[in-house]
Amino acid sequence: MKCPFCGFLDSQVKDSRPSEDGLTIKRRRFCPDCGGRFTTYERIEMRELFVIKKGGDKRLFDPSKLLKSMQVAARKRPVEAEQLEEIVSRITKKLEKYGEGEITSQAVGQLVMNELLKIDQVAYVRYASVYKDFAEASDFGKFIENLNITKDE
């Protein structure tokens, strides 16, 4: 594996462990050239999955983009990186099981929101503000009121 720091082509695996769901392997790597350490994830690739955006564009599903968007929503919250990685893994697994080659971005967003609500309400609201395209501060209030009603039932 190529070192992301210096480009050396022969990094060494120092530690490998399977994820909790058994679908990915996390590998800690070391570059003998520059001494850099980095992590890679290995998983089975089922088939290409495309996300249909609101405007109709099709993009290849990228789990790393999904993880990054959730990391932004969960920034400075008591949410562990592993929790977000597990969510991405679960969502990816669900999408691959659907048996469809295409899925809407709205469906992906709803899956993310369902998972974030289980672990952190603030991250959930942050993600929803982008996903639901909040235009004004009052949109947050309306959304949170509905959240409280739903949680109390």
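A brief structural summary. Just so you know, these numbers come straight off a predicted model, no measurement behind them.

### Re the overall build of the chain
A count of helical and extended segments in the chain gives 5 helices and 6 strands. Tracing the chain from N to C terminus, the helices and strands come up as β-β-β-β-β-α-α-β-α-α-α. Dimensions along the principal axes, computed over C-alpha positions, put the chain at roughly 55 × 35 × 30 Å. A burial count over the chain gives 31% of its 153 residues as buried. Considering only intrachain contacts with a sequence separation of at least 6, the fraction spanning at least 24 residues in the chain is 44%. Of the roughly 10,200 Å² of accessible surface on the chain, 50% is carried by carbon and sulfur atoms.

### Some remarks on the environment of Lys2
With respect to the helices, strands and loops of the structure, Lys2 is situated in the segment before strand E1 (12–18). In this structure the C-alpha to C-alpha distance between Lys2 and Gln110, which are 108 residues apart in sequence, comes to 35 Å. The residues contacting Lys2, other than those within four sequence positions of it, are Gly7, Phe8, Leu9 and Phe38.

### Considerations on the packing of helix H3 (residues 105–119) against helix H4 (residues 121–131)
In contact at an axis separation of 8 Å, H3 and H4 are set at 165° when each is read in the N-to-C sense. With respect to their mutual orientation, H3 and H4 come out roughly antiparallel. Note on packing geometry: the crossing formed by H3 with H4 is left-handed. Residues Ser105, Gln106, Gly109, Gln110, Val112, Met113, Leu116 and Leu117 of H3 form the contact with H4, whose participating residues are Gln121, Ala123, Tyr124, Tyr127, Ala128 and Tyr131. For the contact of H3 with H4, the residue count by class is 9 nonpolar, 5 polar and no charged.

### Some details on the sheet that holds strand E5 (residues 58–60)
Sheet architecture is open: 3 strands sit in the order E5-E4-E6, paired in mixed fashion. Pairing within the sheet leaves two strands with one partner each, and these edge strands are E5 and strand E6 (102–104). On average, adjacent strands in this sheet sit at an angle of 35° to one another, irrespective of strand direction. Pairing analysis gives 3 bridges linking strand E4 (residues 50–52) to E6, with the strands arranged parallel. Looking at the pairing, Phe50 lines up with Glu102 of E6.

### As for the pairing of strand E2 (residues 24–30)
Regular strands place their side chains on alternate faces of the sheet. Note that E1 and E2 share 6 bridges and pair antiparallel. The partner of Asp15 across the bridge, within E2, is Arg28. The antiparallel hairpin formed by E1 and E2 contains 5 residues in its connecting segment, where Gly22 sits at a positive phi of about 75°. Relative to strand E3 (residues 37–43), E2 is paired through 7 bridges, and the arrangement is antiparallel. Its bridge partner being in E3, Phe30 is matched across the sheet by Arg37. With antiparallel pairing between neighbouring strands as the criterion, E2 and E3 make up a hairpin whose turn holds 6 residues, including Gly35 at a positive phi of roughly 85°.

Conventions used here
- Residues numbered from 1 in each chain as written.
- Predicted model: local features only at pLDDT ≥ 70, side-chain atom pairs only at ≥ 80, totals over all residues.
- Heavy atoms only, no water.
- Helix = DSSP H or I, 4+ residues; strand = E, 2+ residues; numbered from the N terminus.
- Buried < 20%, exposed > 50% of the residue type's maximum accessible area, 1.4 Å probe, protein only.
- Contact = heavy atoms within 4.5 Å.
- Areas by Shrake-Rupley, 256 points an atom, 1.4 Å probe, with all protein chains shown as cover.
- Axes fitted to C-alpha atoms, helices over the stretch in contact; angles between N-to-C directions.
- Parallel < 35°, antiparallel > 145°, perpendicular 65-115°, else oblique.
- Left-handed = near helix turned anticlockwise from the far one by under 90°.
- Nonpolar A, V, L, I, M, F, W, Y, C, P; charged D, E, K, R; others polar.
- Pairing = 2+ DSSP bridges.

Spatial relationships are all this shows, so hold off on functional conclusions.
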